[in-house]
Every structure is written in C-alpha cells, then in structure tokens.
Amino acid sequence: MTTAPAPAHPPRLLRHLLPGDLHADGVARRRTARDWAVDLACFVFAVLVGLTVYDMEAAGRLVPQVIQLADLVAGAVLCLALFWRRRFPLALAVATAVAGAFSPLSGGAAVVALITLGARGRLGAVLAVGAGHAVLSLPYLHLYPDPDVSFWPSVAWTWLLLAMITGWALVVGARRQLVRSLRERAVRAEAEQELRVAQARQLERTRIAREMHDVLAHRISLLSLHAGALEFRPDAAPEEVSRAAGVIRDSAHQALQDLRAVIGVLRSPDESGDEPQRPQPTLSDLPELVAESLSAGMRVQLTQRLPDPVELPAHAGRTAYRVVQEGLTNARKHAPGAAVQVAVVGAPENGLTVEVLSRAPLGGAPATAIPGTGTGLVGLAERVSLAGGRIEHGRTPAGDFRLWTWQPWPA
C-alpha cells in the first residue's frame, strides 16, 4: 500500500520571508486585502517621494557612478522592503538611515520606516534612528550641496525636517499605544461587568435559598407534627383524622409550591452562629412600603385589584413586594419628583401582575447622586424567572419608565 507524498512546503525561514505571510507583533497570519492595500500605498508613496527628492537634489549633479549605482540599488531594495516593514521595523529603519548618507531615492522609504517604527511603540528606537539620520545627513549634504544655500543653513533645515518627521513618528506611536490601552480597558471593563452580573445572580440565588429555607422547614415541621399525631393516636375520631389529613395535604401542597421556586438554586452552607432573620415582607406589607415613600416626599399612587380574601403563595407575595420596592428605589434615583403609579392586579389561575410606572419628570429634574451597582434589575429578573414568571422593563414611547412582572397564581 503506497501513500501519496505530502505536499512540499518551503522551509520555515523562507516561509517567514514570503510576502504573503504577515508577521506583526510576533503573530504570524496571512496578509489580508487591507494589508496589501496599505503596503502598496506605502510603496507608491516611497517611490514618488524618492523620485521627487532625486529630481530636486541629485539630477544633473556630477556624482561618481558608483554612488549613483548604489543610490539606485538602495532605493529599489528599500522601497520593496517596505512590504516586510511590520516584520523587521527596526532593521529597515536602520538600513534607511545608513542609506540616507548617499541615497536620495531612499528618502521616501526612510519616512515610512521611521513612522512604522514609531507605530510599533518603540519610542526609544525612533529617537535613536532619528539621531542617526541627523548625523548621516552630513555626508549626504556634502555629496549633494545646495548651490543657493551654504552648508550649515542646509544642515539646519535638514535637521528641522528630520525633527518634524521624528516627532510625527512619536505622535503616531503614542496615539497607537493610547488606543491599545483604551481597547484593553474596554475589554477588561466588559469582563468585569459580566463578572458582576454573574455574582449578582449567584448572590440572588443564595438569598432566595435562605429565604425559602425557613418556609420549607415550617411546612415540613407541620407535616411531621400532624403525621406524628396520627401515628400515636390511632383511636382518634374520624373527624379528627380527616381534619389532620387535610392539614397534611395542604401543607404538602404549599411546600411543593415553595420548593418549585427554589429548584436549581445553589444554596451556600449555613454558618453556625447565624442569627435568625426577621420575617420576609409579603403583599400585605405594600401599603406600609408606599407610606414610607410618601413620607419621604414621593408622589406614589397604589392600586390593588385582588380577590378578598387574598390567598396568594408566600413566595409570590415576597416577589411582588421586591418588584415594587425596586421600582420605587429606581424612581427615587433616576426620576426625583416624578409621579409613580403602582398597580397590583391578579386572581387565581390568571396570575399576579405588578406594574410600576415612573412618569417622566416635567422640566427635566436632575437625578440624585445615589450610588448603585446596576445589578438590581438583574437580581430581580432572576427572582421572577425562578418563580416561573416574566419581567419587562424600559422606556415607553412617552418617556416613562415601566417595570412590569407577571407570576403564576395557582388556584
């Protein structure tokens, strides 16, 4: 059995030198169409500038043929070498500085190489290469003297031009470093925000689990108590047995309803010595919550359309309370002085709907500087989703802010 020969690949060093491969900042990748366009533009710029400088300073001069040939070769080689400027920025900049001692045709390549070196963030190397250009400009001005200007004024003008090009390269490098730093900060800030959101969700899950622990313990203790009574009193009257069985059934049903809200929640271990928490608020505590906001100066209108008596599961009442609390808190923070309408509507089998509508303040009252983490609605959405409900929040076409939730209300 014969196998097909593997395709021949060029040696690694040769492959790195091919123009189709781009090695920038130590990362190898294929050259894109944009890279080709930029490098071709730099090549054309270098050729045009080199020919312009040659026409202004070297055309018609009595220069030895060896210098003319070296100028032609150096200009052609250095202009073509611009296609590898990202791979060898320092070497190309040094080569153009050396060629600047005798080659007018390499002047455009020298400008591109110096700016490329600055864009790579090598500011010290830019200053060193700029100084090298200044020193090597002395023999260049001896080879191509200006007939209208004496030597030292020509040196001064040349050094001024070199200082401007070097400063341009430094500005390009500083700007590129600033953009890179801002991009890294934006990526880091986005990652930190995602981490804060994940932490807020985990903390909300843990808090819900702790709240539900007491409720489930209460329901299960009732089941154990009534089941124990039936076990130790087998001679009880049928009415008492029936009543105890009904209590057990109701307690088991409520425990299942509460357990459904905590499925999937990872509960952190209880620490020994934790003090018992106070009872959690429910739907019956809404008037007190609204009264606290009214006493603080808010304009709040509470509307409740619920059956009488209200037989709502405890977890749904707590969630509704938290929805109203979050809505009033956001209204105080972001719309001070605005009227707030709170509506709680529901019935068995139809579900419980809570809406907090913060009217857009007239006159554009400034928001108060109340600190916040921006994760309140994230935790609220997690709580509502765990209860099997839905949540919506955002601006209305009229500019009001609307927070709306729906939760199931079993019959």
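All values derive from a computational prediction rather than experimental measurement.

> Before we move on, can you summarise the overall build of the protein with the specific residues and values?
Looking only at helices and strands, the protein has 11 helices and seven strands in total. A total of 411 residues make up the protein; the buried ones form 35% of that total. For the protein, the proportion of contacts with a sequence separation of at least 24, taken over those separated by at least 6, is 72%. Surface exposure of the protein reaches about 24,500 Å², of which carbon and sulfur atoms provide 63%.

> Give me the pattern of salt bridges: which residues, what numbers.
Between side chains of opposite charge, pairing is possible as soon as their charged atoms come close. The full count for this structure, using the stated rule, is five salt bridges. In this structure, D39 and R86 form a salt bridge, with 2.9 Å as the shortest nitrogen-oxygen distance. Here D39 is found in helix α2 (residues 33-57), whereas its partner R86 is found in the loop between α3 (65-80) and α4 (89-99), with 47 residues between them in sequence. With respect to burial, D39 and R86 carry one shared label: buried.

> Tell me what's going on with the sheet that holds strand β3 (residues 299-305), and back it up with residues and numbers.
The sheet built from five strands is open, its strands ordered β3-β4-β5-β7-β6 with mixed pairing. If you trace the sheet from one side to the other, it starts and ends with β3 and β6 (390-395), each paired once. Neighbour to neighbour, the strand axes of the sheet diverge by 10° on average, direction disregarded. Bridging between β6 and strand β7 (residues 401-407) involves six bridges; their strand directions are antiparallel. Bridge pairing links E392 to W404 in β7.

> How would you sum up the packing of aromatic side chains? Please name residues and give values.
With the rule as written, the count across this model stands at four aromatic pairs. With 5.8 Å between their ring centres and 35° between their planes, F43 and F83 make a pair best called tilted. Residue F43 is located in helix α2, and its partner F83 is located in the loop between α3 and α4; the two are separated by 40 residues in the primary sequence. Look at F43 and you get partly exposed, because its relative accessible area is 22%. Aromatic side chains Y140 and Y144 sit 5.0 Å apart centroid to centroid with 45° between the ring planes, which places their arrangement in the tilted category. For the pair Y140 and Y144, one class covers both residues: buried. The rings of W36, F43 and F83 are connected pair by pair, giving a single aromatic cluster.

> Before we move on, could you go through the layout of surface pockets and cite the residues and values that matter?
Estimates place the volume of the largest pocket at around 940 Å³. In terms of residue count, the dominant contributor to the lining of the largest pocket is helix α7 (residues 151-232) (10 residues). Of the residues belonging to the lining of the largest pocket, the class tally is 21 nonpolar, 12 polar and three charged.

> Talk me through the pairing of β3; I want residue IDs and the actual numbers.
Bridge count between β3 and strand β4 (residues 339-347): seven bridges; the pairing is parallel. The residue bridging Q301 from the neighbouring strand is Q341, located in β4. Regarding the hand of the β-α-β motif, the stretch spanning β3, helix α10 (residues 314-334) and β4 is left-handed.

> So, α3: which residues are in play, and what are the values?
Quick reminder: α-helices carry 3.6 residues per turn. Residues three or four places apart thus point the same way. Its 16 residues give α3 an end-to-end C-alpha distance of 23 Å, which sits within 8% of 22 Å, the value for a rise of 1.5 Å per residue. Along α3, the positions that sit buried rather than exposed are D71, A74, G75, L78 and C79. Seen from one end, α3 has its buried residues packed into an arc of 115°, which puts them on one side. Opposite the packed face of α3, turned more than 90 degrees from it, sit the exposed residues Q65, V66, L69 and L72. Taken together, the buried residues of α3 touch α2, α4 and α5 (107-119).

> Before we move on, could you go through unusual backbone geometry and cite the residues and values that matter?
For residues besides glycine, phi is generally negative; the peptide bonds are generally trans as well. Despite not being glycine, E349 shows a phi value in the positive range, around 75°. In this structure, E349 sits in the loop between β4 and β5 (351-358). Taking the relative accessible area as the measure of exposure, E349 reaches 66% and is therefore exposed.

> Hey, could you go over a nonpolar patch on the surface for me, with residue numbers and the actual values?
A grouping of L69, L72, V73 and V77 is seen on the molecular surface, where their side chains present a nonpolar patch of about 370 Å² in accessible area. Considering the arrangement of structural elements, one finds V73 in helix α3.

> Talk me through α2; I want residue IDs and the actual numbers.
Here α2 spans 36 Å end to end across 25 residues, near enough to the 36 Å set by a 1.5 Å rise per residue. For α2, every residue scored as buried is listed here: D35, D39, C42, A46 and G50.

> Lay out the nonpolar core with the relevant residues and their values.
If you look at the biggest cluster of nonpolar residues, it comprises 25 residues, and the most contacted ones within it are V324, L328, V340 and V342. Residue contributions to this core peak at seven residues, all from α10. Residue contacts for L328: discarding those within four places in its chain leaves L289, S293, M298, V300, V340, V342 and V356. Listed in part, the 22 residues of the second largest apolar core include L92, A99, V112 and V129.

Cut-offs applied
- Residues numbered from 1 in each chain as written.
- Predicted model: local features only at pLDDT ≥ 70, side-chain atom pairs only at ≥ 80, totals over all residues.
- Heavy atoms only, no water.
- Helix = DSSP H or I, 4+ residues; strand = E, 2+ residues; numbered from the N terminus.
- Buried < 20%, exposed > 50% of the residue type's maximum accessible area, 1.4 Å probe, protein only.
- Contact = heavy atoms within 4.5 Å.
- Areas by Shrake-Rupley, 256 points an atom, 1.4 Å probe, with all protein chains shown as cover.
- Salt bridge = Lys/Arg side-chain N within 4 Å of Asp/Glu carboxyl O.
- Pairing = 2+ DSSP bridges.
- Axes fitted to C-alpha atoms, helices over the stretch in contact; angles between N-to-C directions.
- Phe/Tyr/Trp six-rings, centres within 6.5 Å; stacked < 30°, edge-to-face > 60°.
- 1 Å grid on protein atoms, 1.4 Å probe; cavity = no way out; pocket = protein on both sides within 12 Å on 5 of 7 lines; lining within 4 Å.
- Points joined across faces, edges and corners; volume = space filled by probe spheres on them.
- Nonpolar A, V, L, I, M, F, W, Y, C, P; charged D, E, K, R; others polar.
- Right-handed = clockwise from strand over helix to strand, strands pointing away.
- Expected span 1.5 Å × (residues − 1).
- Arc of directions from axis to C-beta.
- Patch = residues over 30% accessible without salt bridge, like charges linked within 9 Å, V, L, I, M, F, W, Y side chains within 5 Å.
- Core = buried A, V, L, I, M, F, W, Y, C linked by side-chain atoms within 4.5 Å.

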